[in-house]
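Below are the chains, spelled out letter by letter.
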Amino acid sequence: MKKNILIIALLLAPLLSKATAPDTVRVMQYNLLNYGNYTDYCPQEVNSVSEKNRHIRTILTAYYPDIFTVCEVGKASNLPGDFLRNNLNINGITYWKTEAGANTSNSYLTNCIFYNSDKLVLKKHHVAQAYIRDVDIFSFYLKNDALEHGDTTVLTCIVAHLKAGYGEDESEKRRVMCRNIMNNIRNQYKNSNVLIMGDFNLYSNEEPAYQLLTDKNQYPDSYFIDPVYPYGVGAWNGDSHYKDYHTQSTNRQGDGCRSGGGMDDRFDFILMSENIYGGKDKIQYIDGSYHAIGQDGRHFNSSINSPENYDVSPAVANALFHNSDHLPVTMELLFSKDLDINEITDNTLRLDIYPNPAKEKINIRFYQENPGKTNICIFNLSGQIVYSDEISAGRGVEEYVIPVGNLRQGVYFLRITNGDGATKVIKVGLGI
């Protein structure tokens, strides 16, 4: 028995050494729903800015970001500054700054970004495309204490509010917007640390707009990865299978301004570039940190505050109900000022596996910076290898399926070493 424990310990040893902890950058995206914009169907009496501010301050008690991107801010020039003073630079806090969307398309709804200036310095803001509505690109230096104006590491945030509406015509408009976005990224931001976020109004992963955003073949140096793949990816409109990932609507009935129907659509997204998924340039997504605030999987086709919400307090659930018909989505990133992320994490492989436990097959998704041979093996608790394979994998994110239907029921270890020499070992249940 001691020999078996020693074998497993040796296999796991490269993963257990302690590394320097990097900083964390917390990101939030939220559709504020006609913030400071009044219409016939959404008049001021049901859409008061002061009431929305009160709800937003409550929501921020559940999650306090470093980057806060928003959609559906009215076009009045005073609104971003007023939002900053009423919701962020309060109670002695002074480090928040803002940059309004350019609104070159002269839309009545605009994008905006708020950021923690103790961690970030705005490098550049420009417009990716202006068809229907502007899509804004904000690039930031991540601050280094030794540098007054920030490090050379850059994080780019693309904020998009795609065309709303169901049907082929509206889907085609979303496709055109995303084609324009992806061509801009390919020309200016390939192989970079990029997030794209916003209200995408997508009803399914089969929509052309989603396919463009995630198309590795057409955009090998600039495509995006969905952090909830594979479980949150599919035909999520009205399907309870995706109840853990829906972000709209927070209201069962609606009120003219807020749409009704309850939680049954996934409209709100933060997608990441391959660089961020793989931690190639000092920034890496923290596994499992992606979440829609208030989404506890218990409110399919119902209001977010009824029945009782298990993800947030009653006060926050009520604020989410009243403020908007969308939920905020969040993500956390690791940022190293000095080292490559892979060095910080002891060159641990970036790996997703599903399902676990598994009966017939295990799907794996892994990242490598350089093309090369990837070794895959499964070994039992005695250290015996029961499955092994070596594959040729390209640069970036790769997928592979392991057949496990012939293996005995029990607990095993899955070990993968990619072409960069990065290794990861994960405990898996088979036949359970």
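Just above sits the structure.
All of these numbers come straight from a predicted model, not from anything done at the bench. (Residues numbered from 1 in each chain as written. Predicted model: local features only at pLDDT ≥ 70, side-chain atom pairs only at ≥ 80, totals over all residues. Heavy atoms only, no water.)

Peer 1: Tell me about the overall build of the protein chain, residues and numbers included.
Peer 2: When helices and strands are tallied, the protein chain shows eight helices and 20 strands. Computed over the C-alpha atoms, the radius of gyration of the protein chain is 23 Å, within 12% of the 22 Å expected from 2.2 N^0.38 for a compact globule of 432 residues. If one aligns the C-alpha atoms of the protein chain with their principal axes, the spans along those axes are about 70 × 50 × 45 Å. Out of the 432 residues in the protein chain, the part that is buried amounts to 54%. If you take every contact in the protein chain between residues at least 6 apart in sequence, the share linking residues at least 24 apart comes to 69%. By element, 48% of the accessible surface of the protein chain is carried by carbon and sulfur atoms, the whole surface being about 18200 Å². (Helix = DSSP H or I, 4+ residues; strand = E, 2+ residues; numbered from the N terminus. Rg over C-alpha atoms; globule rule 2.2 N^0.38 Å. Buried < 20%, exposed > 50% of the residue type's maximum accessible area, 1.4 Å probe, protein only. Contact = heavy atoms within 4.5 Å. Areas by Shrake-Rupley, 256 points an atom, 1.4 Å probe, with all protein chains shown as cover.)

Peer 1: Report on the sheet that holds strand 20 (residues 423-430), specifying residues and quantitative values.
Peer 2: Through backbone hydrogen bonds, the strands of a sheet pair up, either in parallel or in antiparallel fashion. Read from one edge to the other, the open sheet built from four strands follows the order 17-16-19-20, with strand pairing classed as antiparallel. Edge positions in the sheet fall to strand 17 (385-393) and strand 20, since each of these pairs with one other strand and no more. For this sheet, the mean inter-axis angle between neighbouring strands, taken without regard to orientation, is 20°. Sheet topology note: the strand 16 (residues 372-379)/strand 19 (residues 410-417) ladder contains five bridges and is antiparallel. Paired with Cys 377 across the two strands is Arg 415, which belongs to strand 19. (Pairing = 2+ DSSP bridges. Axes fitted to C-alpha atoms, helices over the stretch in contact; angles between N-to-C directions.)

Peer 1: Describe the environment of Ile 283, listing the residues and the values that go with them.
Peer 2: Among the secondary structure elements, Ile 283 is positioned in strand 11 (residues 283-285). Linking Ile 283 and Leu 333, residues 50 residues apart in sequence, is a C-alpha distance of 6.4 Å.

Peer 1: I'd love a proper account of the nonpolar core, names of residues and values included.
Peer 2: One finds Leu 195 and Leu 333 to be the most contacted residues of the largest nonpolar core, which totals 88 residues. Among the elements that take part in this core, strand 1 (residues 23-35) stands out by supplying six residues, more than any other. Look past the residues within four positions of Leu 195 in its chain and what remains in contact with it is Val 27, Leu 155, Thr 156, Cys 157, Ile 158, Phe 224, Ile 270, Leu 271, Met 272, Ile 276, Met 331 and Leu 333. Grouped together as the second largest cluster of nonpolar side chains are 22 residues, Ile 362, Ile 364, Ile 391 and Ile 402 included. (Core = buried A, V, L, I, M, F, W, Y, C linked by side-chain atoms within 4.5 Å.)

Peer 1: Give me the pairing of strand 2 (residues 67-74): which residues, what numbers.
Peer 2: Burial of strand 2 is extensive: eight of the eight residues sit out of reach of the surface. In this structure, strand 1 lies alongside strand 2, joined through six bridges in parallel fashion. Across the sheet, the residue bridging to Tyr 35 is Val 73, located in strand 2. The parallel pair strand 1 and strand 2 is bridged by helix 2 (residues 49-59), and the resulting crossover is right-handed. Bridge count between strand 2 and strand 4 (residues 109-116): six bridges; the pairing is antiparallel. Each residue of the ladder has a partner; that of Thr 69, found in strand 4, is Ile 113. (Right-handed = clockwise from strand over helix to strand, strands pointing away.)

Peer 1: How would you summarise the environment of Thr 250 if you had to cite specific residues and measurements?
Peer 2: Looking at the element boundaries, Thr 250 is found in the loop between strand 9 (224-225) and strand 10 (268-273). Taking the C-alpha atoms as reference, Thr 250 lies 30 Å from Tyr 277; in sequence the two are 27 residues apart.

Peer 1: Tell me what's going on with a nonpolar patch on the surface, and back it up with residues and numbers.
Peer 2: On the surface, a cluster of nonpolar side chains totalling about 260 Å² of accessible area is made up of Leu 381, Val 411 and Ile 432. Mapped onto the fold, Val 411 is located in strand 19. On the basis of relative accessibility, which here comes to 36%, the residue Val 411 falls in the partly exposed class. (Patch = residues over 30% accessible without salt bridge, like charges linked within 9 Å, V, L, I, M, F, W, Y side chains within 5 Å. Salt bridge = Lys/Arg side-chain N within 4 Å of Asp/Glu carboxyl O.)

Peer 1: Go over the state of the cysteines, please, and point to the residues and values.
Peer 2: Going through the model one piece at a time under the given rule, you end up with one disulfide. Not part of a disulfide, Cys 112 finds its nearest cysteine sulfur in Cys 71, a span of 10 Å. (Disulfide = S-S within 2.5 Å.)

Peer 1: Talk me through the sheet that holds strand 15 (residues 361-368); I want residue IDs and the actual numbers.
Peer 2: Strands sit in the order 14-15-18 across an open sheet of three strands; the sheet is antiparallel. Looking at which strands have only one partner, the edges of the open sheet turn out to be strand 14 (350-354) and strand 18 (396-403). If you compare each strand with its neighbour and ignore which way they point, the axes differ by 20° on average. The pairing of strand 15 with strand 18 spans eight bridges and is antiparallel.

Peer 1: Any chance you could break down the pattern of salt bridges for me, citing the residues and the numbers?
Peer 2: Opposite charge on two side chains lets them pair, provided their charged atoms get close. Scanning all chains against the criterion turns up 13 salt bridges. Notably, a salt bridge pairs Glu 398 with Lys 216, separated by 3.6 Å at the nearest N-O pair. Note that Glu 398 is positioned in strand 18 and Lys 216 in the loop between helix 5 (208-213) and strand 9, a separation of 182 residues in sequence. Here the salt bridges share partners, and the residues they tie into one network are Lys 163, Glu 170 and Lys 173.

Peer 1: So what's going on with the pairing of strand 14? Residues and values would help.
Peer 2: A large share of strand 14 lies buried, amounting to five of its five residues. Side chains of strand 14 alternate between two faces, with Arg 350, Asp 352 and Tyr 354 and Leu 351 and Ile 353 buried alike. Two strands pair when backbone bridges link them, and strand 14 and strand 15 are joined in this way by five bridges, in the antiparallel orientation. Following the sheet pairing, Ile 353 is matched in strand 15 by Ile 364. Hairpin connection from strand 14 to strand 15: six residues lie between these consecutive antiparallel strands.

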